[in-house]
Amino acid sequence: MITTVLPIFLVILTGFIFAKKEKFSSEAEHLINSYVLNVALPALLFLSVANANIEELLNWKFLLMTLSGIIFAYIFGLIYSIFTNIKSPKSAIIAMASCYGTTGYMGIPLVIIAFGTVATLPAALATILHNIPAIMAVIITFGIMNQEKKQSKLIIIKNALLTIVKNPLSLSVLIGLFFPAFSIELPEVIVNFTNFLGVAAGPTALFALGIGLAKLENKKHFKIKIFSKLFPIVFIKILIQPLITFFVGFYLLNMNSDDIYFKVAIIMSALPIGAGVYVFANKYDYYKEESSIAIIISLLITIITLTFLLEML
């Protein structure tokens, strides 16, 4: 399976080296990321959801299995924060790093390469599931604990929901749901159009991820002391979360290990820490450098762990 996983990381490495060598402007980086986030990945997710049937979309075992891993990993992150005297709302960033993976940029391309296009729909659903709980939890926690802005809890929750809905990945899935919900067949021109854009999503997303990693400032923070603080978070994300996801799916829900939904749920839960953690760490000015290092460490470790998982599955 290393022949499946290694090309994924090589594309990321190519983007990383390219960014380090070319030293191109932040505007160019923004353009590439915008294309991935606003065009290529949404097209891929929209097509997979719009072509699905209701039974596939309402696979409650898959939904419960995936959410269980996310919720427990988030809770473990909060527990770790308590033991290290990190108080709310800052603990929400730690918890997010413990459960939020690189589902869009890395997970979708990986499962499609490993399992084929049949994995696209569960990967699309998993991407939304992995985005919504963690992002909402962070926004709501900081909103409630922020003493400078006197807002009601309802307004805070509403703003968090709007942030999720406005996300192009979430929006593409919501629009896609309209077609199977009302049994409307997609016009052929839309199928060809979104499929053409979606083909570019995988490699472009991986390349953009490499560029993003190259831009993270972390050299001066690579110290043993920092590693010891980050290891529990990385451990929760890439080992504990997939173990819980597996346990719930296989033992509690009796899912078939050959089920593509089961396989995708496991892989998506075992991905390295997502770059979105750094985005929120930067937004709230906490854990910025540490999160960037944690992302890189988890990415390097998953070369081995994801290879092992794919071999098992």
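So, how was this worked out
- Residues numbered from 1 in each chain as written.
- Predicted model: local features only at pLDDT ≥ 70, side-chain atom pairs only at ≥ 80, totals over all residues.
- Heavy atoms only, no water.
- Helix = DSSP H or I, 4+ residues; strand = E, 2+ residues; numbered from the N terminus.
- Rg over C-alpha atoms; globule rule 2.2 N^0.38 Å.
- Buried < 20%, exposed > 50% of the residue type's maximum accessible area, 1.4 Å probe, protein only.
- Contact = heavy atoms within 4.5 Å.
- Core = buried A, V, L, I, M, F, W, Y, C linked by side-chain atoms within 4.5 Å.

Engineer: Mind showing me how you'd approach the overall build of the protein here?
Structural biologist: The number of helices and strands found in the protein is 15 helices and zero strands. In summary, the protein has a C-alpha radius of gyration of 19 Å against a globular reference of 20 Å for 313 residues, a match within 12%. In terms of overall dimensions, the protein has a C-alpha envelope of 55 × 50 × 40 Å along the principal axes. When burial is assessed residue by residue, the protein has 52% of its 313 residues classed as buried.

Engineer: Mind showing me how you'd approach the environment of Thr204 here?
Structural biologist: Of note, Thr204 is situated in helix H11 (residues 201–215). Judged by relative accessible area, which is 21%, Thr204 ranks as partly exposed. Sequence spacing of Thr204 and Ala40 is 164 residues, and the spatial spacing of their C-alpha atoms is 8.3 Å. Sequence-distant contacts of Thr204, that is, excluding residues within four places in its chain, are made with Tyr35 and Val36.

Engineer: Just checking my understanding: could you explain the nonpolar core for this structure?
Structural biologist: For soluble globular proteins, nonpolar side chains are generally found buried alongside one another. Formed by 94 residues in total, the largest nonpolar core has its most connected members in Ile12 and Met106. Considering each element in turn, this core owes the most residues, 15 residues, to helix H7 (residues 120–145). With residues up to four places along the chain from it excluded, the contact list for Met106 reads Ile8, Phe9, Ile12, Leu206, Leu209, Leu271, Pro272, Leu299 and Leu306. Among the nonpolar cores identified, the runner-up in size contains five residues, and Phe46, Ala50, Phe179 and Leu186 belong to it.

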